[in-house]
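# Coordinate inspection notes
These are the residues of each chain, in order.
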Amino acid sequence: MSQSRKVYGLGAEFESAGALLSAAEKIREQGFSHWDVHTPFPVHGMDAAMGLGKSKLSAVVFVGGLLGLLIGVALVSIPSFVLYPIIVNGKPYDWRTGPAFFPIIFELTVLFSAFTAVGTMFLFNNLFRFHHPVFNWDRFSRFTDDGFMMVIEARDAKFSETRTKALLEEIGGKHVTLIHD
Amino acid sequence: MSKNALSLETPADLKRPALVSHDRSISWVSHNVCDIVEAPTPKWWWLAMCITSPIALMGLICIIYQISNGVGVWGENHPNGWAWDITNFVFWIGIGHAGTLISAVLFLTRQKWRTSINRAAEAMTLFAVVCAGIFPAIHVGRVWYAWFLAPIPNTNAIWPNFRSPLLWDVFAVSTYFSVSVLFWFVGLIPDLATLRDRSKSKLARTLYGIGALGWRGGNRQWRHYEMAYLLLAGLSTPLVLSVHSIVSFDFATSIMPGWHTTIFPPYFVAGAIFGGFAMVLTIMLPAAKIFPQLNDMITENHVDKMAKIILLTGSIVGYAYLMELFVAWYGANKFESFTFFTARANVNGEGWYQWAYWIMMFCNVISPQIFWFKKMRTNYIVVFIVCQFVNVGMWFERFTIIVTSLAQDFLPSSWGHYAPSTTEILTFVGTFGIFLSLFLLFMRFLPMIAISEVKGVLPEADPHHHHPKH
C-alpha cells in the first residue's frame, strides 16, 4: 500500500465483546464522533456504550405501511365501488361490505412495510457499497469470524495519527493499524 | 445482610441447558457451519441429488403434460372439482408456516434456542411455498389466463372480485412468499459475509460478496439491521396467521357441509404449525446425523422443544376435530351431521372415505400423544417416526376436508366417487423431488445455521461474560 494514499483512519482489535464494550465507552467519553465497532454479531449494550439512540428505521416503516394501507384501500374500493361493481350473491356495496376488503388491505400493508423495512435498512447501512476503505486493513475480515474491531476515522475532528493510536493502545487495542483509502 | 442469608445463584439442577453444548467458541461456530459449504461435495450429496432431481424432473414433465392437455388428465370431475390439487396446495403451504413460526414468533417471544434451526426452517418455508404455488397456478386449467388473478382489468374492463377469498388467497400467498424471501435474505447477509471472508477461490468470494452486499458488521449497521429484523418478525407474525386463515376462508365462506364452519381459521393455523414442525424435524434429524458437528447446535434440547410444540398443536388439532363432531351433532343440521358422521366417520357404513378420516385421526391426534414422555421426545428414532405419521396425517386431513364434503354432499343423485389419475399422483410425488432438490442445493451452497445468531447466544458473546462483577 503506497504511503501517498489518503489515511482513512485507525483500526484496533480487541480480545472480547466485553473489552470492546468498555473501549467503546471510553472512546465515546473522549468525544469522538466518526468511529464504529465491527463485530461478528450485535453486541448487547453496544448502542448505549456508543451513545447511539434508537434506530429511526421504524418511523420510515410506519410511513411505508401507511402507504401500503392507502394503496390497498384504493385498489379494492375504486374498481369495486366506482369502475365496475360486481354483484355476487346479491351482496350489497355499502359500509356493510367493509370486512370483505380487509384481507387484501392487510396483506398490502404488510407487503409495503416489509419492503420499506428492508430497503431502508439497505439505505441506512450503505449496503451495495462493495468497496470500503476498512477492507484494506488485512486483519479486518476477522470481524466475520471472532474479531472485535474498532475503527476511528481520520475525518473526526479529534483524530491524530499519533495520539489516537496511543489512546487505542491504552484502552486495550491490539494490532493498531493505519488504514489507507 | 449476613453472607449466607440469601443466595441468588441458580441451583445446578435448575440451570438451563446451554444452547450450544461443549462450551464451543465463537470461531468454532463459523468454522463448523462454513465447513459444510466449503468442504468438497460429499458422495452422499450426489447420490441424493441423483434420486431427487429425476423425481423433480418427472413432476415438471407431468406439469407440462397437464398444461398442454388440460385438467382432464387429472381425476377431478364433477362433483369433485377440487381434490388432490388443493389438498397438495394446502399441505405444502401449511408446511411453510413452521419456518415462519420459528423465525418470527419464537424471535418475538425471545426463544433463543430458535437460532440453531431458523435458517433451515426458513429455507424449508420458501421451498414449500414454491411447491404450494404450483398447484393453484396449474389447476386453473388455462394457465395462460392466470393473469386474471392479478388486480388489473381484463379486456372487458372487468376487475377481479376483491370480495372473493380466492383472490385474498392470491394476495396472501404472494405476500407471504415475498416477505419470507426478504426475511430469509436479511438473515443471510452477515453469514454470507462470513463465507465471503473465508472463501479461497475468487469466484466464491465474488458471489458470496455480492450476496453479502458489502456487509461490514459495524455497530452503526447492526443497529438498523436489528431494527429491520425485529420489524420483519413483527410483520411476519400476523402475516403467517393471516395466510392460513385466508386459505381456510376458501372453504369456510362456502356453503358446503364440513367446510362452512367458523372454527376453520384457528384450526388450520394450528394444523399448519403442527405439520410444519414435523417437516422441519424430518429434514433436521437426518441433517444432524449426516453432519455430526451440528449436534452441538441442534441438541436434544431442541428436538425436545419441537416435539412439545408438535404435542401442543396436535392436541389443538384434535380438539378442533372433536369440536367439529360435537357441533355437527349439536347443531341439528342434517347435512352437516351426515358429512361428519356418515361421509367421514362412517358410523352407519354408508361413507366412502372413512379410511382417510381414521388415518387422519390416528396420525394427528393419537400418534403425537407419545410425546408426553420425555424419553420419547429425546429419542430421535421415535421422533422421526411420529413426524412421518404427522406428515401423512396432515395430508389426509386436507384430503378428508376437500373430498368427503364434495363427493357426498346434499343430493345423493349428485354424488360421485373420486380417484386420482397417474399424472396427478406423479405431480404430487414430483413436488417432493422439487422440494428436496432445492433443499439439497441450499445445504450445499448456503450456511444451514444462522452463524451470527448462534454466536450471539454463546456465553462468550455476553459482554459481561469475563467480568461477572461488572
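Residues numbered from 1 in each chain as written. Chains lettered and ligands numbered in written order. Predicted model: local features only at pLDDT ≥ 70, side-chain atom pairs only at ≥ 80, totals over all residues. Heavy atoms only, no water.

## Some remarks on the sheet that holds strand E4 (residues 174-180) of chain A
All names here are of chain A. Note the following rule: Being paired, for any two strands, means DSSP has found at least two bridges between them. We count a stretch as a helix when DSSP gives it H or I for four or more residues in a row; a strand needs E for two or more, and each element gets its number in order from the N terminus. What counts as an axis is a line fitted to C-alpha atoms, over the stretch in contact for a helix, and the angles between N-to-C directions run from 0 to 180 degrees.
Ordered by their spatial adjacency, 4 strands build an open sheet running E2-E3-E1-E4, and the pairing between neighbours is antiparallel. With one partner strand each, in any of the chains shown, strand E2 (35-38) and E4 form the two edges of the open sheet. If you compare each strand with its neighbour and ignore which way they point, the axes differ by 20 degrees on average. Note: strand E1 (residues 7-14) against E4, 5 bridges, orientation antiparallel. Across the sheet, residue Gly-11 finds its bridge partner in E4, namely Thr-177.

## With respect to the packing of aromatic side chains
All names here are of chain B. Note the threshold: Any two rings among Phe, Tyr and Trp, with Trp reduced to its six-membered ring, count as a pair given centres within 6.5 Å; such a pair is stacked if its planes are under 30 degrees apart, edge-to-face if over 60, and tilted if neither. The buried label goes to any residue with under 20% of its type's maximum accessible area, the exposed label to any with over 50%, and the partly exposed label to all in between, with areas taken from a 1.4 Å probe on protein chains only.
Scanning the entire structure with this criterion turns up 58 aromatic pairs over all chains. Between the aromatic rings of Tyr-357 and Trp-358, the centroid separation amounts to 5.2 Å while the plane-to-plane angle is 85 degrees, which identifies the pairing as edge-to-face. Judged by relative accessible area, which is 3%, Tyr-357 ranks as buried. Taken together, Trp-84, Phe-91, Trp-92, Tyr-353, Trp-355, Trp-395, Phe-396, Phe-399, Tyr-418, Phe-428, Phe-432 and Phe-435 form an aromatic cluster joined through their ring pairs.

## As for the domain arrangement of chain A
Applicable threshold: An automatic or database domain assignment is the source of the domain bounds shown.
You can read the domains of chain A as domain 1 (7-55 + 132-180) and domain 2 (57-124). Once you take the C-alpha centre of each, domain 1 of chain A and domain 2 of chain A turn out to be 44 Å apart.

## Thoughts on the pattern of salt bridges
All names here are of chain B. Here is the rule: The rule for a salt bridge is simple: a side-chain nitrogen of Lys or Arg has to be within 4 Å of a carboxyl oxygen of Asp or Glu.
Following the criterion strictly, the structure yields 14 salt bridges over all chains and no others. Arg-119 serves as the salt-bridge partner of Asp-191, at 3.0 Å between the closest nitrogen and oxygen. Residue Asp-191 is located in helix H5 (residues 165-198), and its partner Arg-119 is located in helix H4 (residues 118-139); the two are separated by 72 residues in the primary sequence. For the salt bridge of Glu-397 with Arg-398, the shortest nitrogen-to-oxygen distance reads 3.8 Å.

## Notes on a nonpolar patch on the surface
Note the cut-off: Patch membership is restricted to residues that have no salt bridge and whose relative accessible area is over 30%. Joining uses 9 Å for like charges and 5 Å for the nonpolar side chains Val, Leu, Ile, Met, Phe, Trp and Tyr. The method behind every accessible area is Shrake-Rupley, applied with a 1.4 Å probe, and residues are considered shielded solely by the protein chains displayed.
Residues A:Phe62, A:Val63, A:Leu66, A:Leu69, A:Leu70 and A:Val73 make up a contiguous nonpolar surface patch of roughly 550 Å² in combined accessible area. Within the secondary structure, A:Val73 is located in helix H3 (residues 57-83).

## Overview of the interface of chain B and chain A
The condition that has to hold: Note on contacts: a residue pair qualifies if any of its non-hydrogen atoms lie within 4.5 Å across the two residues. As used here, buried area is the combined drop in accessible area, with a 1.4 Å probe, of two parts when they are placed together. Polar contacts, as used here, are pairs of N or O atoms within 3.5 Å; protein pairs need one atom able to donate a hydrogen and one able to accept it. Residues neighboring in sequence count only if both atoms are side-chain atoms. Throughout this entry, Asp, Glu, Lys and Arg are counted as charged residues, while Ala, Val, Leu, Ile, Met, Phe, Trp, Tyr, Cys and Pro are counted as nonpolar. The remaining residues, Gly among them, count as polar.
Taken together, the contact pairs 59 residues of chain B with 70 residues of chain A. Summed over both sides, the interface between chain B and chain A buries roughly 5700 Å², with carbon and sulfur atoms accounting for 69% of that surface. When the buried surface of chain B facing chain A is broken down by residue, B:Arg163, B:Arg216 and B:Arg220 rank first, second and third, together holding 16% of it. Taken together, the connections running from chain B to chain A amount to 27 residue pairs in polar contact (both at pLDDT 80 or more). Of all the elements in the fold, those that place two or more residues in the side of chain B that touches chain A are helix H1 (26-38), H5, helix H6 (202-212), helix H7 (219-252) and helix H15 (451-456) of chain B. Among the residues forming the side of chain B that touches chain A, the class breakdown is 32 nonpolar, 19 polar and 8 charged.

## Section: the packing of H3(A) against helix H4 (residues 102-124) of chain A
All names here are of chain A. This is how it is decided: Two helices cross in a left-handed way if the nearer one is turned anticlockwise from the farther one by less than a right angle. They cross in a right-handed way if the turn is clockwise.
One can describe the packing of H3 onto H4 by two numbers: an axis separation of 7 Å at closest approach and a directional angle of 145 degrees. As H3 packs across H4, the resulting crossing turns out to be right-handed. Along the lines of polarity and charge, the residues of the contact of H3 with H4 split into 16 nonpolar, 8 polar and no charged.

## Focus: the nonpolar core
Generally speaking, soluble globular proteins have nonpolar side chains that are buried together. Test applied: Think of a nonpolar core as a cluster: buried Ala, Val, Leu, Ile, Met, Phe, Trp, Tyr and Cys residues, connected wherever their side-chain atoms sit within 4.5 Å.
Among the nonpolar cores identified, the biggest contains 203 residues, and A:Met150 and B:Trp92 are the most heavily contacted of them. Residue contributions to this core reach at least three from each of two domains, namely domain 1 (7-55 + 132-180) and domain 2 (57-124) of chain A. Not counting the four nearest positions on each side in its chain, B:Trp92 is found in contact with B:Ala128, B:Cys131, B:Ala132, B:Phe135, B:Met279, B:Phe428, B:Thr431, B:Phe432 and B:Phe435.

## A few points about the side chain of B:Arg119
The exposure class assigned to B:Arg119 is buried, which follows from its relative accessible area of 2%. If near-sequence neighbours (up to four positions away) are discounted, B:Arg119 is found in contact with B:Trp184, B:Gly187, B:Leu188, B:Asp191, B:Phe442, B:Pro447, B:Met448, B:Ile449 and B:Ala450.

## So, H4(B)
Residues and elements named next belong to chain B. The line we're drawing: Every helix has an expected span of 1.5 Å times one less than the residues it contains.
Relative to the 32 Å expected for 22 residues at 1.5 Å per residue, H4 spans 32 Å between its end C-alpha atoms, a close match to the ideal helical length. Of all 22 residues in H4, 17 are buried, a share of seventy percent or more. Backbone geometry just after H4 places Gly-141 at a positive phi near 95 degrees.

## Quick notes on the side chain of B:Arg223
Selection criterion: Positive residues here are Lys and Arg, negative ones are Asp and Glu, while His and the chain termini are left out of the count.
Along the polypeptide, B:Arg223 turns up in helix H7. No salt bridge is formed by the buried B:Arg223; the nearest opposite charge belongs to A:Asp47, separated by 5.3 Å. One polar contact links the side chain of B:Arg223 to the main-chain carbonyl oxygen of A:Gly53, over a distance of 2.8 Å. Each residue touching B:Arg223, except ones within four places of it in the same chain, is listed here: A:Asp47, A:Leu52, A:Gly53, A:Lys54 and A:Ser55.

## Regarding helix H11 (residues 354-366) of chain B
Helix length check: H11(B) (13 residues) gives 17 Å between terminal C-alpha atoms against 18 Å at 1.5 Å per residue, within 8%. Of the residues making up H11(B), those classed as buried are B:Ala356, B:Tyr357, B:Met360, B:Met361, B:Cys363, B:Asn364 and B:Val365.

## Some details on the layout of surface pockets
The condition that has to hold: Here a cavity denotes a set of grid points, spaced 1 Å apart and computed over the protein atoms alone, in which a 1.4 Å probe fits but from which it cannot get out, and a pocket denotes an open set meeting protein on both sides within 12 Å along at least five of seven lines; residues with an atom within 4 Å of a point are reported as lining. Grid points are joined across faces, edges and corners, and a volume is the space filled by probe spheres set on the points.
If you add up the space inside the largest pocket, you get close to 1600 Å³. Taken together, 43 residues make up the lining of the largest pocket; nearest its centre are A:His44, B:Arg110, B:Lys112, B:Gly456 and B:Val457. Among the secondary structure elements, those contributing two or more residues to the lining of the largest pocket are helix H2 (46-50) of chain A together with helix H3 (84-108), H7, helix H9 (300-330) and H15 of chain B. If you tally residues by element for the lining of the largest pocket, the top one is H7(B), at 8 residues. Estimated volume of the second largest pocket: approximately 550 Å³.

## A short note on the pairing of E1(A)
All names here are of chain A. Within E1, 8 of the 8 residues are buried, leaving the element largely enclosed by the surrounding structure. Here E1 pairs with strand E3 (residues 148-153) via 6 bridges, running antiparallel. Each residue of the ladder has a partner; that of Gly-9, found in E3, is Glu-153.

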